[in-house]
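As a plain string of letters, each chain reads:
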Amino acid sequence: MKIAITGGTAGIGQALGNEYETRGHEVLRLSRRKGQNIKIIPKIVELVEPCDVFVNNAQVGYAQTELLFEMAQRWANTGKHIIVISTIMTQSPVSTLPGVDMDAYRVQKIALEEAIKQLRYRRLGIALTLVRPGNIATSPDKTVPPAADVNIWASTLMHMLDMAQANNLTIPEISLGPLHK
């Protein structure tokens, strides 16, 4: 299969891309580093459309949500799979991290999750999986303990998705983060 991943050159996107490649899939890693800004939706859609799975990972403002709507329309009735990376922060009544920018991030992810609800209601003939990562160590300078190693996290997520696919099942939502003791 051909997999497209936004934010595919760092953090969660990079780790998931590595997991897909290990499983023998062709991975298209989309990234601002490579001149592929998700705010330029027509350009990104053109690259993602021929793929079989889209990991909607990168987030800039509401572009992740806009990209989800566009791909859902284009992939309607294809049976293709969109995996949407959100955050466990959406499950809290307010952002627990400091700064107005984190408040904005949480609200943008809530909008993304609401979009998924709307698209599921439409029954468009695509698979939608919402993934809510907990505290994931995507880089040493941005980690607040306790955090899960991004590579172990990605491997665990892929195992869950593989098991579902092997048994002709879908996983609508997954919240996956470190164990708090």
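This is a predicted model, so every value here is computed, not measured. (Residues numbered from 1 in each chain as written. Predicted model: local features only at pLDDT ≥ 70, side-chain atom pairs only at ≥ 80, totals over all residues. Heavy atoms only, no water.)

### Thoughts on the pairing of strand E5 (residues 127–133)
Within E5, six of the seven residues are buried, leaving the element largely enclosed by the surrounding structure. Examined bridge by bridge, strand E4 (residues 81–85) and E5 share five bridges and lie parallel to one another. Within E5, the residue paired with Ile82 across the bridge is Leu128. You can see the chain leave E4, run along helix H4 (residues 100–122) and come back into E5, and the turn it takes is right-handed. (Buried < 20%, exposed > 50% of the residue type's maximum accessible area, 1.4 Å probe, protein only. Helix = DSSP H or I, 4+ residues; strand = E, 2+ residues; numbered from the N terminus. Pairing = 2+ DSSP bridges. Right-handed = clockwise from strand over helix to strand, strands pointing away.)

### Notes on helix H1 (residues 11–22)
With 12 residues, H1 should reach 16 Å at 1.5 Å per residue; the first-to-last C-alpha distance of 17 Å fits that figure. All buried positions along H1 are accounted for by Gly11, Ile12, Gly13, Ala15, Leu16, Gly17, Glu19 and Tyr20. Where H1 ends, the next residue or the one after it, Gly24, has phi of about 90°, a positive value. (Expected span 1.5 Å × (residues − 1).)

### What to know about the packing of helix H3 (residues 63–74) against H4
Orientation of H3 relative to H4, taken along the N-to-C sense of each, is 15°, at an axis distance of 9 Å. Judged on the interaxial angle alone, H4 and H3 are roughly parallel. Relative to H4, the crossing made by H3 is right-handed. Side by side, H3 and H4 meet where Gln64, Thr65, Leu68, Phe69 and Ala72 of the first sit next to Gln108, Lys109, Ala111, Leu112, Ala115, Ile116 and Leu119 of the second. Taken together, the residues of the contact of H3 with H4 break down into eight nonpolar, three polar and one charged. (Axes fitted to C-alpha atoms, helices over the stretch in contact; angles between N-to-C directions. Parallel < 35°, antiparallel > 145°, perpendicular 65-115°, else oblique. Left-handed = near helix turned anticlockwise from the far one by under 90°. Contact = heavy atoms within 4.5 Å. Nonpolar A, V, L, I, M, F, W, Y, C, P; charged D, E, K, R; others polar.)

### Regarding the sheet that holds E4
Pairing is parallel across the open sheet formed by six strands, whose spatial order is E2-E1-E3-E4-E5-E8. Each edge of the sheet is formed by a strand with only one pairing partner; in this case those strands are strand E2 (26–30) and strand E8 (173–176). This sheet shows a mean twist of 15° between the axes of neighbouring strands, independent of strand direction. Strand direction decides the pairing type here: strand E3 (residues 53–56) and E4, joined by four bridges, are parallel.

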